[in-house]
Amino acid sequence: MPLSTRGTRWPVLAFCVWLVLLPLPLGSNRPWALALTLPLLCLLGAVMLWRRRTRPTEGFVAFLLRPPGLCLLAFLAVLALQLAPLPEHLRSIDAFRTTQFLLVALGCALAFWLVTAVVKDATDLRLLLLGLVASAVIQATIAVFLLATGTPLEMADVLIAPGQATGTFVNRNHLAGYLNMGLAAGIGLMAGALARDNPDRTARQRLRDWLELMLSAKARLRLLLVLIVIALILTRSRMGNGSFMVGLLLAATVYWWRARSQRRGMALFVVSLLVIDLVLIGAWVGVDKVVQRVQETRLLRGGVPADAAAQTGGAAAGKPAADDAAASDAGTASDADTATDSPGKPALTPSQTATPRSLAPATPEPRAARPSEESLEGRVEPVLEARTMIADNP
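Note that this is a predicted model, so its numbers are computed, not measured.

Caption draft 1: The arrangement of the overall build of the protein chain in detail. The helix and strand inventory of the protein chain stands at 14 helices and four strands. Counting the 394 residues in the protein chain, one finds 34% classified as buried. Expressed as a percentage of contacts within the protein chain between residues at least 6 apart in sequence, the contacts between residues at least 24 apart total 67%. Total accessible area on the protein chain is roughly 23,900 Å²; 66% of this is exposed by carbon and sulfur atoms.

Caption draft 2: Representation of the environment of Leu 24. Tracing the sequence through the fold places Leu 24 in the loop between α1 (10-21) and α2 (31-51). Separated by 144 residues in sequence, Leu 24 and Thr 168 have C-alpha atoms that sit 5.7 Å apart. With residues up to four places along the chain from it excluded, the contact list for Leu 24 reads Gln 139, Ile 142, Met 155 and Thr 168.

Caption draft 3: Main features of the nonpolar core. In terms of nonpolar packing, the biggest core is built from 42 residues, with Val 133, Leu 179, Leu 183, Ile 228, Phe 244, Met 266 and Phe 269 touching the most fellow members. Among the elements of the structure, α6 (122-149), α7 (172-192), α9 (217-234), α10 (238-258) and α11 (263-285) are those that each provide at least two residues to this core. Apart from residues lying up to four places away in sequence, Met 266 is in contact with Ala 191, Leu 194, Ala 252 and Tyr 255. Counting residues in hydrophobic clusters, the runner-up holds 26 residues, among them Cys 16, Leu 76, Leu 110 and Val 119.

Caption draft 4: Quick look at unusual backbone geometry. The omega angle of the peptide bond from Pro 67 to Pro 68 is 0°, so this bond is cis rather than trans. Following the sequence through the fold, Pro 68 ends up in the loop between α3 (60-64) and α4 (69-81). Despite not being glycine, Ser 28 has its phi angle at roughly 55°, a positive value. Within the secondary structure, Ser 28 is located in the loop between α1 and α2. In this structure Ser 28 comes out as buried when scored by relative accessible area, which is 12%. With a phi close to 60°, Arg 236 is a non-glycine residue in the positive phi region. Looking at where Arg 236 falls in the secondary structure, it is placed in the loop between α9 and α10.

Caption draft 5: Region of the structure containing the packing of aromatic side chains. In total, this model carries four aromatic pairs according to the counting rule given. Arranged with centres 5.7 Å apart and planes meeting at 35°, the rings of Phe 15 and Trp 18 form a pair that is tilted. Within this pair, Phe 15 and its partner Trp 18 are both found in helix α1, separated by three residues, close to a single helical turn. The two residues Phe 15 and Trp 18 agree in class, both being buried. Sitting over the face of the ring of Trp 50, Arg 53 holds its NZ or CZ atom 4.1 Å from the ring centroid.

Caption draft 6: Examining the environment of Gly 59 more closely. In this structure, Gly 59 sits in the loop between α2 and α3. Through-space distance from the C-alpha of Gly 59 to that of Ala 117 is 8.7 Å; in sequence the pair is 58 residues apart. If we skip the residues at most four places from it in the chain, Gly 59 touches Leu 49 and Trp 113.

Caption draft 7: Up close: α11. The end-to-end C-alpha distance of α11 is 30 Å, a good match for the 33 Å that 23 residues give at a rise of 1.5 Å each. Of the positions making up α11, those classed as buried are Gly 265, Met 266, Phe 269, Val 270, Ser 272, Leu 273, Asp 277, Leu 278, Ile 281, Gly 282 and Val 285. The elements touched by buried residues of α11 are α7, α9, α10 and α12 (287-295). Two residues or fewer past α11, Gly 286 is found with a positive phi of approximately 100°.

Caption draft 8: Spotlight on α4. Between the first and last C-alpha of α4 there are 18 Å, a value that for 13 residues agrees with the 18 Å anticipated at 1.5 Å per step. Every buried residue of α4 is listed here: Gly 69, Leu 76 and Leu 79. Looking straight down α4, one finds its buried side chains confined to an arc of 85°; they lie on one side. Pointing more than 90 degrees away from the buried face of α4 are the exposed residues Cys 71 and Leu 81. Contacts made by the buried residues of α4 are with α3 and α5 (95-118).

Caption draft 9: Broad picture of the packing of α2 against α5. Between α2 and α5, whose axes approach to 10 Å, the crossing angle comes to 40°. The element α2 and its partner α5 pack so that their crossing is left-handed. In contact with Pro 31, Leu 34, Leu 38, Leu 41, Cys 42, Leu 44, Gly 45, Met 48 and Leu 49 of α2, α5 contributes Phe 96, Gln 100, Leu 103, Val 104, Gly 107, Leu 110, Ala 111, Trp 113, Leu 114, Ala 117 and Val 118. A per-class count over the contact of α2 with α5 returns 17 nonpolar, three polar and no charged.

The rules behind these values
- Residues numbered from 1 in each chain as written.
- Predicted model: local features only at pLDDT ≥ 70, side-chain atom pairs only at ≥ 80, totals over all residues.
- Heavy atoms only, no water.
- Helix = DSSP H or I, 4+ residues; strand = E, 2+ residues; numbered from the N terminus.
- Buried < 20%, exposed > 50% of the residue type's maximum accessible area, 1.4 Å probe, protein only.
- Contact = heavy atoms within 4.5 Å.
- Areas by Shrake-Rupley, 256 points an atom, 1.4 Å probe, with all protein chains shown as cover.
- Core = buried A, V, L, I, M, F, W, Y, C linked by side-chain atoms within 4.5 Å.
- Phe/Tyr/Trp six-rings, centres within 6.5 Å; stacked < 30°, edge-to-face > 60°.
- Lys NZ or Arg CZ within 6 Å of the ring centre and 35° of its normal.
- Expected span 1.5 Å × (residues − 1).
- Arc of directions from axis to C-beta.
- Axes fitted to C-alpha atoms, helices over the stretch in contact; angles between N-to-C directions.
- Left-handed = near helix turned anticlockwise from the far one by under 90°.
- Nonpolar A, V, L, I, M, F, W, Y, C, P; charged D, E, K, R; others polar.

So, to be careful, I would describe these as geometric facts and stop short of saying anything about function.
The following block contains the structure:
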């Protein structure tokens, strides 16, 4: 593989620009946003394919026909088969959404191949990681600014209300995951720039090295990582902050085991992340609220809290649970109980046993609620009803 020169680094720079633009339109989580970002990626992919037209073994198709591209190809085939003229039980019930997912998967496969095509040496890899860190810094700056000023973000048909650090994403967990990727890239750059341990240095040499460190690019990168950590804490995302801690400790352990000559520098860096970023700065921006949310997390078993289900022997798991308050994180039940007693419900006799309030039905005769239009069932049900009407009235 030929090495990149100063005049041939524009592909990796163009890919970094695309990485910065990718999360700006609501995290590219809408069809109109994909219509803005995917053509740019396809244009860069077409240019790289043209540059490699004399080397077919390095093209996109050849990449999909060998590991790990075979896994991506299998996933693309599963999505494409659902759009083929197959029996009805094998076809997609929502062709538009399946087509959208197929385009997203194809874009991910193309981006995967482009990384292997544009990164040719250590300098290209450093530029790619710096581009990811820059994108995370932009998202962190937007999130902190919108949260501090209380300014809502309105883009196309979506209004993101103030009060949560979401950046340009529609969900704070999405922002937390993106910031984790930026932190991983930044920590990798810091780990690669650590100096080797030299116990023979004099006090004057150590002072000179510390001054050089404070004025070097590593100090600026360290300040950017502090900003990303602040935004990560402000998201109040439990899994986002938890995955950062777990990933940091695992990466530090592996680095400690492999890089024996740089253990001291890595230990100081990890301690600074834990003490300065999470303890000192985290106490200022509210890391205690994240800890409180983790402590108040309750698991559900059969639609009711797990501890309540264990106390009732699992008998209450089949009963309709009280309506939970809307949780900010997906898949997490709220701790508030909004069940209310029906005004027409007869009073209990002394021989009857009162049902616990958290397990009491919201209505005397509960019935299945119609799925909302935002849920998957709410989108699929009209399609099934339309097909039934067409089949009954040919």
